[in-house]
Amino acid sequence: MKKLATLLAACAFPLLAATPAGAEVHGHCGQYICVMTAHHNRFVQDITVRTKDGLPGTLRAYWGNFHSPKVNAASHRWSVGYEQAQAKLVCGGLERDGRTIEDGICVTI
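Residues numbered from 1 in each chain as written. Predicted model: local features only at pLDDT ≥ 70, side-chain atom pairs only at ≥ 80, totals over all residues. Heavy atoms only, no water.

A. Region of interest: the overall build of the protein. Helix and strand content of the protein: one helix and nine strands. Reading the protein from its N terminus to its C terminus gives the helix and strand order α-β-β-β-β-β-β-β-β-β. Surface accessibility of the protein: about 6000 Å² in total, with carbon and sulfur atoms responsible for 55%. (Helix = DSSP H or I, 4+ residues; strand = E, 2+ residues; numbered from the N terminus. Areas by Shrake-Rupley, 256 points an atom, 1.4 Å probe, with all protein chains shown as cover.)

Okay, structure coming up:
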């Protein structure tokens, strides 16, 4: 549990440094990835998805009508900057070698 708390704190720090005043930063980890988002109400300012093992894979993020491009990396941050009034979750996924490793790791906004 202590490792998870340390990982979340380390992952959230870059978001905190780049978020405007009044923004909230939330994160959630699955078995293979962590998804973090900086948002103000339903106005999502950015989404970060990273692998917990540091190995590259195809990462993506989505919520509402937003679907990020797939990126081959161990960590990637998407600047979003718009509101999705009906969306309540920001989610991420990881693929490796054409297989879905983990999907649907979501953060409540």
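This is not the end of the story, as more comes after the structure.
B. Representation of empty space enclosed by the protein in the model. Going through the model one piece at a time under the given rule, you end up with one cavity of 30 Å³ or more. Taken as a whole, the largest cavity spans an internal volume of roughly 40 Å³. Every residue along the wall of the largest cavity is listed here: Thr58, Leu59, Arg60, Lys70, Gly93, Leu94, Glu95, Thr100, Glu102 and Asp103. Among the elements of the structure, β4 (57-63), β8 (89-96) and β9 (99-108) are those that each provide at least two residues to the lining of the largest cavity. Among the residues making up the lining of the largest cavity, the classes are represented as two nonpolar, three polar and five charged. (1 Å grid on protein atoms, 1.4 Å probe; cavity = no way out; pocket = protein on both sides within 12 Å on 5 of 7 lines; lining within 4 Å. Points joined across faces, edges and corners; volume = space filled by probe spheres on them. Nonpolar A, V, L, I, M, F, W, Y, C, P; charged D, E, K, R; others polar.)

C. View of unusual backbone geometry. Look at asparagine 41: it is not a glycine, yet its phi comes out positive at around 55°. Examined against the element boundaries, asparagine 41 turns out to sit in the loop between β2 (33-40) and β3 (43-51).

D. Inspection of the pairing of β2 at higher detail. For β2, the buried fraction is high: seven of the eight residues fall into the buried class. With six bridges joining them, strand β1 (residues 24-29) and β2 adopt antiparallel strand pairing. Bridging from a neighbouring strand, histidine 26 pairs with threonine 37 of β2. If you look at the hairpin formed by β1 and β2, you'll find three residues sitting between the two strands. With eight bridges joining them, β2 and β3 adopt antiparallel strand pairing. Bridged to threonine 37 within β3 is isoleucine 47. (Buried < 20%, exposed > 50% of the residue type's maximum accessible area, 1.4 Å probe, protein only. Pairing = 2+ DSSP bridges.)

E. Representation of the pattern of salt bridges within the structure. Under the counting rule described, the total for this entry stands at four salt bridges. Among the ionic pairs, aspartate 53 bridges to arginine 96, the shortest N-O distance being 2.9 Å. Separated by 43 residues along the polypeptide, aspartate 53 in the loop between β3 and β4 and arginine 96 in strand β8 bring together distant segments of the chain. When its relative accessible area of 18% is taken as the criterion, arginine 96 is described as buried. Of the charged contacts, one joins arginine 60 and aspartate 103 as a salt bridge, the two residues approaching to 2.8 Å between their closest N and O atoms. With arginine 60 in strand β4 and aspartate 103 in strand β9, this pair connects stretches of sequence that are 43 residues apart. (Salt bridge = Lys/Arg side-chain N within 4 Å of Asp/Glu carboxyl O.)

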